[in-house]
Amino acid sequence: HSDKVSQANAVIDEMRAKLELKLFENAKLFFHLQEYRAAVVAFNNVIKDFPGTQYTEESQFFIIKSWYLYASKSVWSKQIERFSQVKESYQQFIIDYPDSKYKNEAKIMYNNAVKQIDKLITNN
């Protein structure tokens, strides 16, 4: 009886891992298709649906990058709000992953977002 339970648990774990990977890959697909808003939602779902997933750090980084690219391509009236999302996402990311391999690229996007916000505020 306990043998069947452990087999069932192993299958469940395997299926969860496959689903986790599939959701992460779908989120990356949205990103590569330049559907940045959808990518943000999808990466947040990976983090929410699979707490402690191995993809959390990379998902958080892609959230920053998605907001950054989305803001960069937005009409100016929406840019302050969207660049502010870059700042918020970066601040959480750097708390969670201060030694991340993505921290330098994330910091560049953060700094550029801050400059863009300052420029937009000054010009309005």
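A quick note: this is a predicted structure, and the numbers were derived from the prediction, not measured. (Residues numbered from 1 in each chain as written. Predicted model: local features only at pLDDT ≥ 70, side-chain atom pairs only at ≥ 80, totals over all residues. Heavy atoms only, no water.)

**Observations regarding the overall build of the protein**
A tally of regular secondary structure across the protein gives 5 helices and 0 strands. Counted from the first residue to the last, the protein has its helices and strands arranged as α-α-α-α-α. Each of the three principal axes of the protein carries a C-alpha extent, and together these read 70 × 30 × 15 Å. The buried share of the protein, reckoned over its 124 residues, is 32%. The contacts in the protein between residues at least 6 apart in sequence include a share of 59% that link residues at least 24 apart. For the protein, the exposed area adds up to about 7,900 Å²; of that, 53% sits on carbon and sulfur atoms. Charged side chains in the protein number 17 positive and 15 negative. The centres of these two groups are separated by 7 Å. (Helix = DSSP H or I, 4+ residues; strand = E, 2+ residues; numbered from the N terminus. Buried < 20%, exposed > 50% of the residue type's maximum accessible area, 1.4 Å probe, protein only. Contact = heavy atoms within 4.5 Å. Areas by Shrake-Rupley, 256 points an atom, 1.4 Å probe, with all protein chains shown as cover. Lys, Arg positive; Asp, Glu negative; His and termini not counted. Charge placed at Lys NZ, Arg CZ, Asp CG, Glu CD.)

**Thoughts on the nonpolar core**
Generally speaking, a soluble globular protein has its nonpolar side chains buried in company with each other. In this structure, Phe 43, Phe 61, Ile 64, Phe 83 and Val 86 are the most contacted members of the largest nonpolar core, which totals 28 residues. Of the residues forming this core, the biggest block, 7 residues, is contributed by helix H3 (residues 56-72). Once residues lying within four places of it in the same chain are set aside, the contact partners of Phe 83 are Tyr 68, Ala 71, Ser 72, Ala 113, Gln 116, Ile 117 and Leu 120. (Core = buried A, V, L, I, M, F, W, Y, C linked by side-chain atoms within 4.5 Å.)

**As for the pattern of salt bridges**
Applying the stated criterion across every chain yields a total of 3 salt bridges. Glu 14 is the partner of Lys 18 in a salt bridge, and the nearest nitrogen-oxygen pair spans 3.6 Å. One end of the pair, Lys 18, and the other, Glu 14, are both in helix H1 (residues 2-32), 4 residues apart, so they sit about a helical turn from each other. Glu 14 gets classed as partly exposed once you look at its relative accessible area, which sits at 42%. The closest approach of N and O atoms between Lys 65 and Glu 105, which form a salt bridge, is 3.0 Å. Of the two residues, Lys 65 sits in helix H3 while Glu 105 sits in helix H5 (residues 103-123), which places them 40 residues apart along the sequence. A residue is classified by how much of its surface remains accessible, and Lys 65, at 21% relative accessible area, is partly exposed. Glu 105 sits in the partly exposed class, given a relative accessible area of 35%. (Salt bridge = Lys/Arg side-chain N within 4 Å of Asp/Glu carboxyl O.)

**A look at the packing of aromatic side chains**
Given two aromatic rings, their pairing is described by the distance between the two centres and the angle made by the two planes. For the coordinates displayed, the defined rule picks out 11 aromatic pairs. Ring geometry for Phe 31 versus Tyr 36: centroids 5.6 Å apart, planes at 65 degrees, classification edge-to-face. This pair shows no difference in class: Phe 31 is buried, exactly as Tyr 36 is. Summarising the aromatic geometry, the rings of Phe 61 and Tyr 102 are spaced 4.6 Å apart at their centres and angled 15 degrees between planes, so their arrangement reads as stacked. Of this pair, Phe 61 sits in helix H3 while Tyr 102 is found in the loop between helix H4 (76-96) and H5, placing the two residues 41 residues apart along the sequence. With a relative accessible area of 3%, Phe 61 lands in the buried category. A relative accessible area of 15% means that Tyr 102 is categorised as buried. Members of the aromatic cluster, each reached through a chain of ring pairs, are Phe 24, Phe 31, Tyr 36, Phe 43, Tyr 55, Phe 61, Phe 62 and Tyr 102. (Phe/Tyr/Trp six-rings, centres within 6.5 Å; stacked < 30°, edge-to-face > 60°.)

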